[in-house]
Amino acid sequence: MDALEQRSDLGMDRIAHTFRSHNQECARQLSAAGADLARLQMLLDEAMQRMSAAFGRISAALDEGDSHAVVVNLQYQDICGQLLASLRRRLACTEALVGGLSVPFAAAMAVAGGNHHADRSLAQLVAQMDAGLEPAHGGVEPCPVAQAQPGCGAVELF
Amino acid sequence: MAAMTILAVDDSASMRGMVSFTLKGAGYQVLEAVDGQDGLDKARGRRVDLVLTDQNMPRMDGLTLIRSLRDTPEYKSVPILMLTTESSPEMKAKGKAAGATGWLVKPFDPKQLVAVVRKVAG
């Protein structure tokens with residue numbers, strides 16, 4: 001092997017190393033984004049249920065002429081609505097991130113062709129995403145919407 | 001005696017409406033602002049006896065509004081209450097350092113809001 005071939009091999013090693021690192025980072029980010037998407041979807045569902053419940057309470061309070069309950073539940077509905085809007089924006093950002101990551105990841109897979117390392121990474125990715133989705137769907141993670149109660153907030157004077 | 005004027009700053013129109021409904025029912029005049037910058041402009045344009053502000057708003061948040069008002073001689077001692085969904089001790093400490101008079105967590109109890117306003121506004 002002459003010096004030129006040796007330099008070429010070293011260059012290929014560096015490229016392969018960079019590719020593998022990039023590949024692993026993409027897989028990690030996709031896995032995290034997949035789990036985040038599932039959690040956001042769960043929060044969205046929860047927030048919509050809470051909003052619906054608040055509408056029901058507002059309706060009942062109006063029927064009873066209870067202005068105090070109307071004001072409290074309208075606020076609660078408003079807070080849930082803002083949270084819902086915020087979650088939707090974050091969901092859109094996460095979806096865009098997944099889309100952005102998927103393209104280079106898919107391209108890397110295509111370039112890798114029959115590369116077994118790349119195949120293993122893809123299998124790992126799917127396993128990681130499955131693992132990440134399960135606890136989120138199972139409601140293991142704390143849900144700020146679920147924690148919110150329709151009672152009134154605290155007051156503190158400094 | 002003229003009614004006291006309260007500036008209600010919140011980017012949520014329905015929240016401003018509920019604050020306004022509650023305080024007008026208690027005999028106060030209420031001026032509304034859609035964010036911190038609007039609140040600052042309105043506070044500087046006229047005499048306001050108490051400011052009630054949200055924290056998270058576009059253009060200018062509540063803490064920045066408080067700091068800006070406290071830098072204005074006319075608002076050195078005017079009561080400023082935060083009314084926000086934020087309730088962490090860290091945020092409350094920031095509010096206190098910025099010059100807030102008190103902190104109310106949403107959703108507010110209408111009777112409690114009126115009681116607190118009466119207490120701090122005199």
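Structural data are supplied above this passage.
**Q** Lay out the packing of helix H3 (residues 62-70) of chain B against helix H4 (residues 89-98) of chain B with the relevant residues and their values.
**A** Residue and element names in this part refer to chain B. Contact pair H3 / H4: the axes reach a minimum separation of 9 Å and the direction vectors enclose 15 degrees. The pairing of H3 with H4 is recorded here as roughly parallel in orientation. H3 and H4 meet at a crossing whose hand is left-handed. The segment H3 lies against H4, with Leu63, Ile66, Arg67 and Arg70 engaging Met91, Lys94, Gly95 and Ala98. Taken together, the residues of the contact of H3 with H4 break down into four nonpolar, one polar and three charged.

**Q** Kindly report on the interface of chain B and chain A, identifying the contributing residues and their values.
**A** Taken together, the contacts link 26 residues of chain B with 17 residues of chain A. Together chain B and chain A conceal approximately 1,900 Å² of surface at their shared face, both sides included; 67% is due to carbon and sulfur atoms. Applying the counting rule to chain B against chain A returns one salt bridge. Scanning the region where chain B abuts chain A turns up eight residue pairs in polar contact (both at pLDDT 80 or more). Going through the elements one at a time, helix H1 (13-25), H4, strand S5 (102-105) and helix H5 (110-121) of chain B are the ones with two or more residues in the side of chain B that touches chain A. The pairing of strand S1 (residues 155-157) of chain A with S5(B) spans three bridges and is antiparallel. Residue A:Val155 lies in a different strand from S5(B), and its bridge partner there is B:Leu104.

**Q** Which residues make up the packing of helix H2 (residues 36-45) of chain B against H3(B), and what values do they have?
**A** All names here are of chain B. Two elements in contact, H2 and H3, have axes whose closest approach is 9 Å; the angle formed by their N-to-C orientations is 25 degrees. The angle between H2 and H3 places the two elements in the roughly parallel class. The two elements H2 and H3 meet at a crossing, and its hand is right-handed. Here Gly36, Gly39, Leu40, Ala43 and Arg44 of H2 lie close against H3, whose contacting residues are Leu65, Ser68 and Leu69.

**Q** Before we move on, could you go through empty space enclosed by the protein and cite the residues and values that matter?
**A** On inspection of all chains with the given rule, the structure shows two cavities of 30 Å³ or more. Reported here for the largest cavity is a volume of approximately 50 Å³. For the largest cavity, the full set of lining residues is B:Ala8, B:Val9, B:Asp10, B:Met15, B:Arg16, B:Val19, B:Leu52, B:Thr53, B:Asp54 and B:Leu83. Those elements that place two or more of their residues in the lining of the largest cavity are strand S1 (5-9), H1 and strand S3 (50-53) of chain B. Per element, the largest residue contribution to the lining of the largest cavity is three residues, and it comes from H1(B). The class makeup of the residues in the lining of the largest cavity is six nonpolar, one polar and three charged. Size it by volume and the second largest cavity reaches roughly 30 Å³. Lining the second largest cavity, in full, are A:Gly153, A:Ala154, A:Val155, B:Leu104, B:Val105, B:Phe108, B:Asp109, B:Gln112 and B:Leu113. Counting only elements with at least two residues in the lining of the second largest cavity, the list comes to S5 and H5 of chain B. When grouped by side-chain class, the residues that make up the lining of the second largest cavity number six nonpolar, two polar and one charged.

The rules behind the values
Residues numbered from 1 in each chain as written. Chains lettered and ligands numbered in written order. Predicted model: local features only at pLDDT ≥ 70, side-chain atom pairs only at ≥ 80, totals over all residues. Heavy atoms only, no water. Axes fitted to C-alpha atoms, helices over the stretch in contact; angles between N-to-C directions. Helix = DSSP H or I, 4+ residues; strand = E, 2+ residues; numbered from the N terminus. Parallel < 35°, antiparallel > 145°, perpendicular 65-115°, else oblique. Left-handed = near helix turned anticlockwise from the far one by under 90°. Contact = heavy atoms within 4.5 Å. Nonpolar A, V, L, I, M, F, W, Y, C, P; charged D, E, K, R; others polar. Buried area = accessible area lost by both parts, 1.4 Å probe. Salt bridge = Lys/Arg side-chain N within 4 Å of Asp/Glu carboxyl O. Polar contact = N/O pair within 3.5 Å; in protein donor to acceptor, adjacent residues only side chain to side chain. Pairing = 2+ DSSP bridges. 1 Å grid on protein atoms, 1.4 Å probe; cavity = no way out; pocket = protein on both sides within 12 Å on 5 of 7 lines; lining within 4 Å. Points joined across faces, edges and corners; volume = space filled by probe spheres on them.

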